[in-house]
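Understanding the architecture of this molecule
Here's the letter readout for the chains.
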Amino acid sequence: MTDENDPHHGLPITFYKNAVFYDGKFFVDKDNIAITSLNNRLSDVYSPLDINTLQVDVSEMYTFDKPVLYLGGFHDNMAHSMWDCMYPSWYGLLYFLEQYWDKDFQWMARGSDYRRWSEGWNLEMLEVFSGAPITSDETFFSQYNKPIKIPSLVVGANVGIGQVGTDLCVKRQLKQHNFDPVERFVDRIYQRHKIKRKPLDDPEVKNIVYVVNKRPHNGIEELFDKLNKKYHQYCFKIVNWAHHNFAAQLEIANTTRIIIDGVGTARGNTPFLPNSAIEIQTGQHSDRDDRNYICYFDCHLGTLSRYVKTINITGYSFE
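The structure reproduced in this document is the subject of the present report. (Residues numbered from 1 in each chain as written. Predicted model: local features only at pLDDT ≥ 70, side-chain atom pairs only at ≥ 80, totals over all residues. Heavy atoms only, no water.)

**Comments concerning the overall build of the protein**
Helix and strand counts for the protein stand at 8 helices and 17 strands. Taken over C-alpha atoms, the radius of gyration comes to 22 Å for the protein, in line with the 20 Å a tight globule of 319 residues would show. Dimensions along the principal axes, computed over C-alpha positions, put the protein at roughly 75 × 40 × 40 Å. Of all 319 residues assigned to the protein, the portion counted as buried reaches 48%. Considering only contacts in the protein between residues 6 or more positions apart, those separated by 24 or more positions represent 72%. With an accessible surface of roughly 16,200 Å², the protein has 48% of that area assigned to carbon and sulfur atoms. (Helix = DSSP H or I, 4+ residues; strand = E, 2+ residues; numbered from the N terminus. Rg over C-alpha atoms; globule rule 2.2 N^0.38 Å. Buried < 20%, exposed > 50% of the residue type's maximum accessible area, 1.4 Å probe, protein only. Contact = heavy atoms within 4.5 Å. Areas by Shrake-Rupley, 256 points an atom, 1.4 Å probe, with all protein chains shown as cover.)

In C-alpha coordinates:
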(Lines give C-alpha, C1' and ligand atoms only; values in the text may rest on other atoms or scores of the structure.)
Protein backbone atom coordinates (compact mmCIF):
# COMPACT_ATOMS: atom_id res chain seq x y z
CA MET A 1 0.00 0.00 0.00
CA THR A 2 1.19 3.50 -0.80
CA ASP A 3 1.12 6.16 1.91
CA GLU A 4 -0.30 9.37 0.44
CA ASN A 5 1.93 11.36 2.80
CA ASP A 6 5.08 9.65 1.50
CA PRO A 7 6.81 12.13 -0.87
CA HIS A 8 8.20 9.13 -2.77
CA HIS A 9 4.77 7.54 -3.19
CA GLY A 10 6.34 4.22 -2.33
CA LEU A 11 9.40 4.57 -4.56
CA PRO A 12 12.04 2.16 -3.21
CA ILE A 13 15.78 2.13 -2.78
CA THR A 14 16.96 -0.24 -5.51
CA PHE A 15 19.89 -2.60 -5.84
CA TYR A 16 21.41 -3.93 -9.04
CA LYS A 17 24.02 -6.63 -9.56
CA ASN A 18 26.44 -6.36 -12.45
CA ALA A 19 25.30 -3.02 -13.83
CA VAL A 20 27.27 -1.40 -16.63
CA PHE A 21 28.19 2.28 -16.56
CA TYR A 22 28.85 4.07 -19.84
CA ASP A 23 28.48 7.60 -21.19
CA GLY A 24 27.25 8.85 -17.82
CA LYS A 25 24.44 6.29 -17.62
CA PHE A 26 23.76 3.00 -15.86
CA PHE A 27 22.53 -0.05 -17.78
CA VAL A 28 20.99 -3.10 -16.12
CA ASP A 29 18.98 -6.18 -17.00
CA LYS A 30 15.58 -5.05 -18.30
CA ASP A 31 13.66 -7.33 -15.93
CA ASN A 32 15.27 -5.65 -12.90
CA ILE A 33 14.64 -2.00 -13.82
CA ALA A 34 12.74 -0.12 -11.10
CA ILE A 35 11.72 3.50 -10.63
CA THR A 36 13.54 5.17 -7.75
CA SER A 37 13.76 8.64 -6.22
CA LEU A 38 17.20 10.27 -6.12
CA ASN A 39 16.01 12.74 -3.48
CA ASN A 40 14.96 11.91 0.07
CA ARG A 41 12.33 14.65 0.29
CA LEU A 42 10.95 14.76 -3.25
CA SER A 43 9.82 12.33 -5.90
CA ASP A 44 12.90 12.79 -8.09
CA VAL A 45 12.22 9.92 -10.46
CA TYR A 46 15.09 7.88 -11.89
CA SER A 47 15.59 4.48 -13.48
CA PRO A 48 18.58 2.94 -15.30
CA LEU A 49 18.48 1.87 -18.93
CA ASP A 50 18.05 -1.53 -20.55
CA ILE A 51 21.45 -3.15 -20.95
CA ASN A 52 20.34 -4.61 -24.29
CA THR A 53 20.30 -1.09 -25.74
CA LEU A 54 23.98 -0.55 -24.95
CA GLN A 55 25.69 -0.29 -28.34
CA VAL A 56 29.28 -0.97 -27.27
CA ASP A 57 31.52 -3.98 -26.85
CA VAL A 58 31.42 -5.05 -23.22
CA SER A 59 33.39 -8.26 -23.60
CA GLU A 60 36.51 -6.92 -21.88
CA MET A 61 35.14 -4.45 -19.38
CA TYR A 62 37.05 -3.05 -16.44
CA THR A 63 35.34 -4.06 -13.17
CA PHE A 64 35.03 -1.37 -10.52
CA ASP A 65 36.28 -2.47 -7.11
CA LYS A 66 33.70 -0.80 -4.81
CA PRO A 67 29.92 -0.67 -4.50
CA VAL A 68 28.52 2.49 -6.09
CA LEU A 69 25.83 4.52 -4.31
CA TYR A 70 24.01 6.84 -6.72
CA LEU A 71 21.84 9.76 -5.57
CA GLY A 72 20.96 13.28 -6.63
CA GLY A 73 23.48 14.97 -4.39
CA PHE A 74 24.17 16.32 -0.92
CA HIS A 75 23.40 19.53 0.98
CA ASP A 76 25.42 22.54 2.11
CA ASN A 77 23.77 22.30 5.55
CA MET A 78 25.68 19.55 7.35
CA ALA A 79 22.68 18.20 9.27
CA HIS A 80 20.55 17.98 6.14
CA SER A 81 23.46 16.43 4.26
CA MET A 82 23.93 13.82 6.96
CA TRP A 83 20.32 12.83 7.62
CA ASP A 84 18.66 13.63 4.27
CA CYS A 85 21.46 12.38 2.01
CA MET A 86 24.29 10.44 3.65
CA TYR A 87 22.30 8.24 6.02
CA PRO A 88 19.50 7.41 3.55
CA SER A 89 21.97 6.49 0.80
CA TRP A 90 24.30 4.54 3.11
CA TYR A 91 21.30 2.75 4.60
CA GLY A 92 20.61 1.33 1.13
CA LEU A 93 24.08 -0.22 1.22
CA LEU A 94 23.41 -1.58 4.70
CA TYR A 95 20.02 -2.93 3.64
CA PHE A 96 21.29 -4.88 0.64
CA LEU A 97 24.94 -5.54 1.57
CA GLU A 98 25.03 -5.57 5.35
CA GLN A 99 28.64 -6.76 5.45
CA TYR A 100 29.72 -3.50 3.79
CA TRP A 101 28.48 -1.26 6.61
CA ASP A 102 32.05 -0.29 7.57
CA LYS A 103 33.80 -0.81 4.22
CA ASP A 104 34.70 1.64 1.46
CA PHE A 105 32.25 2.52 -1.28
CA GLN A 106 31.91 5.11 -4.05
CA TRP A 107 29.36 7.91 -3.77
CA MET A 108 28.22 9.21 -7.17
CA ALA A 109 26.04 12.30 -7.56
CA ARG A 110 24.02 13.35 -10.57
CA GLY A 111 26.16 15.53 -12.79
CA SER A 112 23.83 18.53 -12.92
CA ASP A 113 23.55 18.61 -9.11
CA TYR A 114 27.29 18.20 -8.71
CA ARG A 115 28.09 21.06 -11.10
CA ARG A 116 25.58 23.36 -9.49
CA TRP A 117 25.92 22.64 -5.78
CA SER A 118 29.09 20.72 -4.89
CA GLU A 119 31.12 23.78 -3.90
CA GLY A 120 28.86 23.99 -0.84
CA TRP A 121 29.13 20.31 0.09
CA ASN A 122 31.53 19.12 2.78
CA LEU A 123 33.52 17.01 0.33
CA GLU A 124 36.23 16.15 2.84
CA MET A 125 33.75 14.74 5.33
CA LEU A 126 31.98 12.77 2.59
CA GLU A 127 35.29 11.29 1.46
CA VAL A 128 36.29 10.35 5.01
CA PHE A 129 32.98 8.57 5.51
CA SER A 130 32.89 6.73 2.16
CA GLY A 131 36.59 6.08 1.71
CA ALA A 132 36.69 7.57 -1.80
CA PRO A 133 36.52 11.07 -3.31
CA ILE A 134 32.98 12.01 -4.30
CA THR A 135 32.33 11.79 -8.02
CA SER A 136 29.46 12.40 -10.44
CA ASP A 137 28.16 10.44 -13.40
CA GLU A 138 29.83 13.01 -15.69
CA THR A 139 33.25 13.08 -14.01
CA PHE A 140 33.29 9.31 -13.55
CA PHE A 141 32.77 8.78 -17.28
CA SER A 142 35.39 11.40 -18.13
CA GLN A 143 37.84 9.57 -15.89
CA TYR A 144 37.40 6.16 -17.52
CA ASN A 145 35.78 6.91 -20.90
CA LYS A 146 34.84 3.27 -21.47
CA PRO A 147 32.24 0.77 -20.27
CA ILE A 148 32.73 -0.24 -16.64
CA LYS A 149 31.15 -3.16 -14.86
CA ILE A 150 29.64 -2.18 -11.49
CA PRO A 151 29.12 -5.40 -9.49
CA SER A 152 26.98 -3.63 -6.84
CA LEU A 153 24.88 -0.53 -7.51
CA VAL A 154 22.56 1.05 -4.92
CA VAL A 155 20.23 3.80 -6.15
CA GLY A 156 18.01 6.21 -4.27
CA ALA A 157 16.99 7.18 -0.75
CA ASN A 158 13.79 6.52 1.18
CA VAL A 159 14.56 6.87 4.90
CA GLY A 160 15.87 9.72 7.06
CA ILE A 161 14.54 13.01 8.40
CA GLY A 162 12.63 13.76 5.21
CA GLN A 163 10.44 10.76 6.03
CA VAL A 164 8.16 11.00 9.07
CA GLY A 165 5.35 8.53 9.63
CA THR A 166 1.87 9.01 11.04
CA ASP A 167 3.32 8.00 14.44
CA LEU A 168 5.42 11.19 14.28
CA CYS A 169 8.61 9.16 14.22
CA VAL A 170 11.25 9.43 11.55
CA LYS A 171 11.56 6.48 9.16
CA ARG A 172 14.91 5.06 10.20
CA GLN A 173 14.84 1.69 8.40
CA LEU A 174 12.91 -0.39 5.90
CA LYS A 175 13.03 -3.71 7.76
CA GLN A 176 13.83 -5.05 11.19
CA HIS A 177 17.53 -5.59 11.81
CA ASN A 178 19.20 -7.34 14.72
CA PHE A 179 21.02 -4.06 15.36
CA ASP A 180 20.14 -0.37 15.27
CA PRO A 181 20.99 1.13 11.84
CA VAL A 182 21.35 4.71 13.12
CA GLU A 183 23.79 3.44 15.77
CA ARG A 184 25.75 1.65 13.03
CA PHE A 185 25.88 4.90 11.07
CA VAL A 186 27.09 6.79 14.15
CA ASP A 187 29.65 4.06 14.89
CA ARG A 188 30.98 4.28 11.35
CA ILE A 189 31.36 8.05 11.54
CA TYR A 190 33.31 7.79 14.79
CA GLN A 191 35.48 4.99 13.42
CA ARG A 192 36.22 6.88 10.20
CA HIS A 193 37.35 9.90 12.23
CA LYS A 194 39.43 7.63 14.48
CA ILE A 195 37.56 8.72 17.61
CA LYS A 196 36.58 6.17 20.25
CA ARG A 197 32.97 6.57 21.38
CA LYS A 198 32.64 7.23 25.08
CA PRO A 199 30.03 5.77 27.45
CA LEU A 200 28.06 8.16 29.64
CA ASP A 201 29.99 7.12 32.76
CA ASP A 202 33.35 8.12 31.29
CA PRO A 203 34.85 10.86 33.52
CA GLU A 204 35.43 13.05 30.47
CA VAL A 205 31.70 13.10 29.65
CA LYS A 206 30.90 16.21 31.68
CA ASN A 207 29.77 18.84 29.15
CA ILE A 208 26.39 20.53 29.39
CA VAL A 209 26.09 22.24 26.01
CA TYR A 210 23.79 24.97 24.77
CA VAL A 211 23.85 25.10 20.96
CA VAL A 212 23.31 28.50 19.40
CA ASN A 213 22.21 29.12 15.84
CA LYS A 214 20.53 31.90 13.89
CA ARG A 215 17.51 31.85 16.22
CA PRO A 216 17.69 34.38 19.08
CA HIS A 217 18.34 33.40 22.68
CA ASN A 218 18.43 35.44 25.89
CA GLY A 219 20.40 35.14 29.11
CA ILE A 220 22.23 31.87 28.43
CA GLU A 221 25.70 33.36 28.88
CA GLU A 222 24.89 34.73 32.32
CA LEU A 223 23.14 31.52 33.37
CA PHE A 224 25.99 29.25 32.28
CA ASP A 225 28.54 31.48 34.00
CA LYS A 226 26.65 31.04 37.29
CA LEU A 227 26.28 27.28 36.77
CA ASN A 228 30.00 26.83 36.03
CA LYS A 229 30.83 28.53 39.35
CA LYS A 230 28.33 26.43 41.28
CA TYR A 231 28.78 22.96 39.73
CA HIS A 232 32.48 22.28 39.24
CA GLN A 233 31.96 18.65 38.26
CA TYR A 234 30.34 19.77 35.01
CA CYS A 235 31.42 22.08 32.21
CA PHE A 236 28.69 24.35 30.89
CA LYS A 237 29.49 25.41 27.34
CA ILE A 238 27.86 27.54 24.67
CA VAL A 239 28.65 26.09 21.25
CA ASN A 240 28.06 27.20 17.69
CA TRP A 241 28.64 24.17 15.46
CA ALA A 242 29.51 26.45 12.54
CA HIS A 243 32.68 27.51 14.40
CA HIS A 244 34.08 23.95 14.49
CA ASN A 245 35.02 21.45 11.80
CA PHE A 246 33.15 18.17 11.91
CA ALA A 247 35.87 16.23 13.75
CA ALA A 248 35.85 18.89 16.48
CA GLN A 249 32.05 18.72 16.63
CA LEU A 250 32.31 14.97 17.22
CA GLU A 251 34.81 15.50 20.05
CA ILE A 252 32.35 17.88 21.73
CA ALA A 253 29.35 15.59 21.24
CA ASN A 254 31.34 12.61 22.50
CA THR A 255 31.88 14.30 25.87
CA THR A 256 28.41 15.82 26.34
CA ARG A 257 25.86 14.61 28.89
CA ILE A 258 23.11 17.12 28.15
CA ILE A 259 22.59 19.15 25.00
CA ILE A 260 20.14 22.06 24.81
CA ASP A 261 19.11 23.35 21.41
CA GLY A 262 16.41 25.29 19.66
CA VAL A 263 14.47 24.95 16.46
CA GLY A 264 16.46 23.92 13.40
CA THR A 265 19.30 21.73 12.23
CA ALA A 266 21.47 22.65 15.23
CA ARG A 267 19.90 19.44 16.52
CA GLY A 268 21.61 17.32 13.88
CA ASN A 269 24.51 16.23 16.12
CA THR A 270 22.34 14.83 18.91
CA PRO A 271 22.65 11.15 17.78
CA PHE A 272 26.43 11.43 18.35
CA LEU A 273 26.01 11.91 22.09
CA PRO A 274 26.87 9.01 24.41
CA ASN A 275 24.01 6.57 24.86
CA SER A 276 21.61 7.63 27.66
CA ALA A 277 22.53 11.31 27.27
CA ILE A 278 19.72 13.89 27.17
CA GLU A 279 18.65 16.45 24.61
CA ILE A 280 16.46 19.34 25.75
CA GLN A 281 14.62 20.94 22.84
CA THR A 282 13.51 24.52 23.34
CA GLY A 283 11.02 26.40 21.24
CA GLN A 284 11.87 29.40 19.11
CA HIS A 285 12.44 32.53 21.19
CA SER A 286 11.46 35.62 19.22
CA ASP A 287 10.91 39.25 20.17
CA ARG A 288 8.65 39.82 17.18
CA ASP A 289 4.97 40.22 18.03
CA ASP A 290 3.83 39.06 14.61
CA ARG A 291 5.56 35.69 14.76
CA ASN A 292 4.29 32.57 16.48
CA TYR A 293 6.66 30.69 18.72
CA ILE A 294 7.62 27.21 17.49
CA CYS A 295 7.26 25.05 20.58
CA TYR A 296 6.35 21.67 19.16
CA PHE A 297 8.47 18.56 19.46
CA ASP A 298 10.91 18.23 16.56
CA CYS A 299 10.07 14.70 15.47
CA HIS A 300 12.37 14.85 12.42
CA LEU A 301 15.59 15.05 14.43
CA GLY A 302 14.15 14.23 17.84
CA THR A 303 13.31 10.62 16.98
CA LEU A 304 16.48 9.66 15.13
CA SER A 305 18.30 8.13 18.09
CA ARG A 306 16.74 5.42 20.24
CA TYR A 307 19.44 5.96 22.86
CA VAL A 308 19.24 9.69 23.62
CA LYS A 309 16.31 10.84 25.75
CA THR A 310 14.69 13.90 24.16
CA ILE A 311 12.70 16.40 26.23
CA ASN A 312 10.66 19.17 24.63
CA ILE A 313 10.05 22.44 26.45
CA THR A 314 6.57 23.47 25.36
CA GLY A 315 6.70 26.99 26.74
CA TYR A 316 8.88 29.41 28.66
CA SER A 317 8.94 33.05 29.64
CA PHE A 318 11.18 35.96 28.71
CA GLU A 319 12.20 36.34 32.35
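What follows continues from the structure just given.
**Re the packing of helix α3 (residues 123-130) against helix α5 (residues 181-192)**
Two numbers describe how α3 lies on α5: the axes approach to 9 Å, and their chain directions differ by 105°. As summarised for this structure, α3 and α5 are arranged roughly perpendicular, according to the angle between their axes. Side by side, α3 and α5 meet where Met125, Val128, Phe129 and Ser130 of the first sit next to Phe185, Arg188, Ile189 and Arg192 of the second. Split into classes, the residues belonging to the contact of α3 with α5 amount to 5 nonpolar, 1 polar and 2 charged. (Axes fitted to C-alpha atoms, helices over the stretch in contact; angles between N-to-C directions. Parallel < 35°, antiparallel > 145°, perpendicular 65-115°, else oblique. Nonpolar A, V, L, I, M, F, W, Y, C, P; charged D, E, K, R; others polar.)

**Remarks on the packing of helix α1 (residues 78-96) against α3**
Running from N to C, α1 and α3 cross one another at 30°; their axes reach a closest spacing of 12 Å. By the angle between their axes, α1 is roughly parallel relative to α3. In this structure, α1 crosses over α3, and the sense of that crossing is right-handed. Residues Met78, Ser81, Met82, Met86 and Trp90 of α1 lie in contact with α3, whose contacting residues are Met125, Leu126 and Phe129. For the contact of α1 with α3, the per-class residue count stands at 7 nonpolar, 1 polar and no charged. (Left-handed = near helix turned anticlockwise from the far one by under 90°.)

**Description of the side chain of threonine 282**
Counting through the fold element by element, threonine 282 comes out in the loop between β16 (278-281) and α8 (299-302). Setting aside residues up to four positions removed in sequence, threonine 282 forms contacts with Ile260, Asp261, Gly262, Val263, Arg267 and Ile313.

**Focus: the sheet that holds strand β15 (residues 256-261)**
The sheet built from 5 strands is open, its strands ordered β14-β13-β15-β16-β17 with parallel pairing. Among the strands making up the open sheet, the edge pair consists of β14 (235-239) and β17 (309-312). On average, adjacent strands in this sheet sit at an angle of 20° to one another, irrespective of strand direction. Here 4 bridges tie β16 to β17, and the two strands are oriented parallel to one another. The partner of glutamate 279 across the bridge, within β17, is threonine 310. The sheet strands contacting helix α6 (residues 220-230) are β13 (207-211), β14 and β15, and the helix crosses β14 at an angle near 160°. (Pairing = 2+ DSSP bridges.)

**What about helix α7 (residues 246-253)?**
The complete set of buried residues in α7 reads Phe246, Gln249, Leu250, Ile252 and Ala253. Buried residues of α7, viewed axially, fall in a sector of 160°; they line one side. Where α7 is buried, its residues meet α1, α3, α5, β13, β14 and β15. Capping of α7 at its N-terminal end is provided by asparagine 245; its side-chain oxygen lies 3.3 Å from the backbone amide nitrogen of alanine 247. (Arc of directions from axis to C-beta. Polar contact = N/O pair within 3.5 Å; in protein donor to acceptor, adjacent residues only side chain to side chain.)

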